[in-house]
Amino acid sequence: MEGRCAVETWAEFGCAASTCTAKVVFTVGAEVLLCAGSDEVHVFSVQEKKLTAVLRCPGPVGDLVQSDDKQLLYVACDSGVYSVNLPSLLPRTPDALADDSSRAAVLEISSDRLAVGEEGVCSVLLVGAGLLTLSQRDALWWLTLYKVPVSGQSPASSYEKLTELSVPVVSAGLHADTEGDQKRLGRRPVLICVHSSDEPPPSSSSALSSSSQDGHYRLEPVLFKLLFGVDAALVKSPIILCGLPDGRLCFFPLRLPGLRVRVLHSLEQPVVLIGTSVVTETDVGGPQCLVAVGALGRVVLVRTGEGRPDLGGKVAGFTEGCVSGPVVCGCVDRERLYYSTGSDLLALDLPGGPAERAGPGRGDAVDHGEDTSTKTAAAALQSSVSLNVCRVIALAEPTHNTAGAVELVGLSARGRLQRITLPNGGEDTGLPRLPSAQVGQRVRDLLAAIGDVCERASVLKSNIQSKNQILRHLNQVLNISFLLLDNKNSGEQLPVQEKPIRCRAVTRWSRLLQKDSLNLTCVLENSSPYGLDRGWRFSVTVFPLSYSNAAGVEKSSRTFSFPFLHLHPGETLEVSLPLAAAGDT
């Protein structure tokens, strides 16, 4: 792919977005739904090019999904899943549409819209007449399927729990920087549904479509059977596939008795993306490749490969490789993978053809056997092409315009909703053809990115200098402590004149205001190579040589303390203390 992308900024929300929970859902020709990690969901009208609604939720939004008829929006928060009727929010009358000055409708999501009262929900998915939630509680991942009520029934009580499965949490795979991130597990788990392409499509979408807007993907029948078993293929059961933050790809069929969760593969790093792609131009039978991408750049391609003839001849082949990471978000469009590293948006043509070799089968289970990746596939995964779009942290599923060019809708780290039109492969795109306004915007984005890098470098430099200063001060304190304690620990006592830090004291009578008093003069000499700074104190304790033996009278002492400002090497500090006045006992 050559040339530059055309980037059109649709809206600016003026706030930094979270790379862990940001999500964009694009309804073709209608609305864009997005959450940026806060407690708000924004509804943007593509036709009107403006924000039409803002949903304020009870807490930070973890995930959202729209029903097939686009009437209901399910929003997952910490306290549960809320159901919102979108048509009741959006203006549909001609007067409202003509009023460009009308503000976006703001709706406070209250508890009466709570559909599922389940805490810690990370991901949601609609499967037919069921609502599937994924949550983490008590060191377990919980996959819970609820029955969605028919239209007209009352809300929360009518969401009946149908089944619930659990998977142990593996904490070694979590990549959380703060305590809050650890609580939310740092990254949203990926939750999708895979159908066999010979199954009738659940909606009006094409049966050969490699992806859809609502997390449903189709896979050609042979690979579907090899991956998920003969029983699931015979009953044409949808497969729930989950990518966890610890890297595991887990699945279970919905329509088989005795449900249990099984592990398909492990990326050994947080899963960012799961999708399907086409590996041959004919695309016979549907997409022939399952694609999984990890946060650190690991890519796994699962395709049908040639196995031993005595075991049926066909096995599932796993090809592993790496792309330049980290991977913040991504999507798959037929034979191409689009992914963002946070600093750049890249495109990768996925290698075609079947996997060359895979391990022997083992019943209906998947046997990975020996490594099926080839040098050709590994090299192909290293040939990503930069699209020259920076700071994208969330992508919707790709679409195509009337000219056949791929269009991506994304959210930037600065809260900008953008439409990214890729150069058409059939055009001569050797030279950039961006309008001057978009060139200026591109330059501003690059300058902003450079400014952010400089700011982070300045903060890092200040932190290093501060830590170095602390280490130097600590080293000096230890050295002075060793000098003071050296004589006490050793058997020999150095003469006072040879001690690097020494004190001498004299007493003398003085007369002030016709009154005689006894004073103690102490002189501290610093002959060491270290200065005595703030934090050090010169303390003198005075004990009387004689005291009363009367009952109840204890021996008394007085301590005088003098803080240092800065006593340089070779300097002295002199202090005078009043001990007693004439006539005192």
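Residues numbered from 1 in each chain as written. Predicted model: local features only at pLDDT ≥ 70, side-chain atom pairs only at ≥ 80, totals over all residues. Heavy atoms only, no water.

The secondary structure content of the protein chain amounts to six helices and 38 strands. A total of 585 residues make up the protein chain; the buried ones form 44% of that total. Long-range contacts, defined as pairs at least 24 residues apart, comprise 56% of the intrachain contacts of the protein chain with a sequence gap of at least 6. Total accessible area on the protein chain is roughly 29900 Å²; 53% of this is exposed by carbon and sulfur atoms. (Helix = DSSP H or I, 4+ residues; strand = E, 2+ residues; numbered from the N terminus. Buried < 20%, exposed > 50% of the residue type's maximum accessible area, 1.4 Å probe, protein only. Contact = heavy atoms within 4.5 Å. Areas by Shrake-Rupley, 256 points an atom, 1.4 Å probe, with all protein chains shown as cover.)

Inspection of the secondary structure puts V392 in strand β28 (residues 392-395). Sequence separation between V392 and L417 is 25 residues; the distance between their C-alpha atoms is 9.6 Å. Setting aside residues up to four positions removed in sequence, V392 forms contacts with V328, C329, S340, G342, L411, S412 and I420.

A few words on the packing of aromatic side chains. Counted under the stated rule, the structure contains four aromatic pairs. On the numbers, 5.7 Å between centres and 15° between planes, the contact of W10 with F44 is stacked. Of this pair, W10 sits in strand β1 (residues 6-12) while F44 is found in strand β4 (residues 40-45), placing the two residues 34 residues apart along the sequence. The exposure classification of W10 matches that of F44, with both residues buried. (Phe/Tyr/Trp six-rings, centres within 6.5 Å; stacked < 30°, edge-to-face > 60°.)

A few words now on the pairing of strand β25 (residues 336-340). When you tally the buried positions in β25, you get four out of five residues, the bulk of the element. Where strand β24 (residues 329-333) and β25 come together, five bridges link them in antiparallel fashion. In the strand pairing of β25, C329 is matched with S340. A loop of two residues connects β24 with β25, the two strands running antiparallel in sequence, and R334 in this loop sits at a positive phi of about 50°. Where β25 hands over to strand β26 (residues 345-349), the hairpin turn is made up of four residues, of which G342 adopts a positive phi near 95°. (Pairing = 2+ DSSP bridges.)

Let us look at the pattern of salt bridges. Side chains that differ in sign of charge can pair as their charged atoms come close. Under the counting rule described, the total for this entry stands at 19 salt bridges. In this structure, K161 engages E164 in a salt bridge whose closest nitrogen and oxygen atoms are separated by 3.9 Å. The partner of E268 in a salt bridge is R298, and the shortest N-O contact between them spans 3.4 Å. Taken together, the positions of E268 in the loop between β19 (262-266) and β20 (271-277) and R298 in strand β22 (residues 298-306) put the pair 30 residues apart, joining distant regions of the chain. A relative accessible area of 61% means that E268 is categorised as exposed. (Salt bridge = Lys/Arg side-chain N within 4 Å of Asp/Glu carboxyl O.)

Let's shift gears to the sheet that holds strand β6 (residues 63-66). If you walk across this open sheet you meet the four strands as β6-β7-β8-β10, and the pairing is antiparallel. Either end of the sheet is taken by a strand with one partner, and the two such strands are β6 and β10 (114-116). Here the average twist between neighbouring strands, direction ignored, is 30°. Two strands pair when backbone bridges link them, and strand β8 (residues 80-85) and β10 are joined in this way by two bridges, in the antiparallel orientation. Following the sheet pairing, Y82 is matched in β10 by L114. (Axes fitted to C-alpha atoms, helices over the stretch in contact; angles between N-to-C directions.)

Bringing the sheet that holds β4 into the picture now. One open sheet accounts for five strands, arranged β2-β3-β4-β5-β9; its pairing is mixed. Looking at which strands have only one partner, the edges of the open sheet turn out to be β2 (23-26) and β9 (105-108). Here the strands of the sheet are splayed against their neighbours by 15° on average, with no regard to which way each runs.

Before going further, it helps to examine unusual backbone geometry. Not every positive phi belongs to a glycine, and A139 is a case in point at roughly 60°. Among the secondary structure elements, A139 is positioned in the loop between β12 (130-137) and β13 (140-147). Even without being glycine, K236 reaches a positive phi, approximately 50°.

With 75% of its residues at a pLDDT of at least 70, the protein chain reaches an overall mean of 78. Every residue in residues 356-373 scores below 50 in pLDDT, and together they form 39 contacts with partners more than four places removed in sequence or on other chains. (pLDDT = per-residue confidence, 0-100.)

Of the positions making up helix α3 (residues 221-228), those classed as buried are L223, F224, L226, L227 and F228. Angularly, the buried residues of α3 cover 165° about the axis, an arc narrow enough to put them on a single face. N-capping of α3 is provided by E220, with a side-chain oxygen placed 3.1 Å from the backbone N of V222. Looking one or two residues past α3, G229 carries a phi angle of roughly 100°, positive in sign. (Arc of directions from axis to C-beta. Polar contact = N/O pair within 3.5 Å; in protein donor to acceptor, adjacent residues only side chain to side chain.)

As a further point, take the side chain of E397. With respect to the helices and strands, the residue E397 is situated in the loop between β28 and β29 (399-400). The side chain of E397 sits in the buried core without any salt bridge; K23 is the nearest counter-charge, 8.7 Å away. Side-chain polar atoms of E397 contact the side chain of Y217, separated by 2.8 Å. (Lys, Arg positive; Asp, Glu negative; His and termini not counted.)

A separate point is the side chain of S340. Along the chain, S340 falls in strand β25. When its relative accessible area of 0% is taken as the criterion, S340 is described as buried. Ignoring any residue separated from it by four or fewer positions in sequence, one finds S340 in contact with P326, V327, V328, C329, L345 and V392.

Now for empty space enclosed by the protein. One water molecule sets the probe size; rolling that probe over the atoms shows where empty space is left. Tallied over the entire structure, the rule returns four cavities of 30 Å³ or more. Taken as a whole, the largest cavity spans an internal volume of roughly 750 Å³. K23, R188, V190, L395 and E397 are the residues nearest the centre of the largest cavity, which is lined by 39 residues in total. When grouped by side-chain class, the residues that make up the lining of the largest cavity number 25 nonpolar, seven polar and seven charged. (1 Å grid on protein atoms, 1.4 Å probe; cavity = no way out; pocket = protein on both sides within 12 Å on 5 of 7 lines; lining within 4 Å. Points joined across faces, edges and corners; volume = space filled by probe spheres on them. Nonpolar A, V, L, I, M, F, W, Y, C, P; charged D, E, K, R; others polar.)

The tally for this structure, following the rule as stated, stands at zero disulfides. This cysteine, C57, is not joined by any disulfide, and C77 carries the nearest cysteine sulfur, 4.4 Å off. On the basis of relative accessibility, which here comes to 7%, the residue C57 falls in the buried class. Between C522, a cysteine without a disulfide, and C503, which holds the nearest cysteine sulfur, the sulfur-to-sulfur distance is 4.9 Å. (Disulfide = S-S within 2.5 Å.)

In this section: the nonpolar core. Nonpolar side chains tend toward joint burial in soluble globular proteins. Ranked by size, the top nonpolar core spans 26 residues in total, and within it V194, L227, F228, L241, L264, I274 and V302 carry the most contacts. V32, L34, A36 and V46 belong to the second-largest nonpolar core, a separate cluster that totals 19 residues. (Core = buried A, V, L, I, M, F, W, Y, C linked by side-chain atoms within 4.5 Å.)

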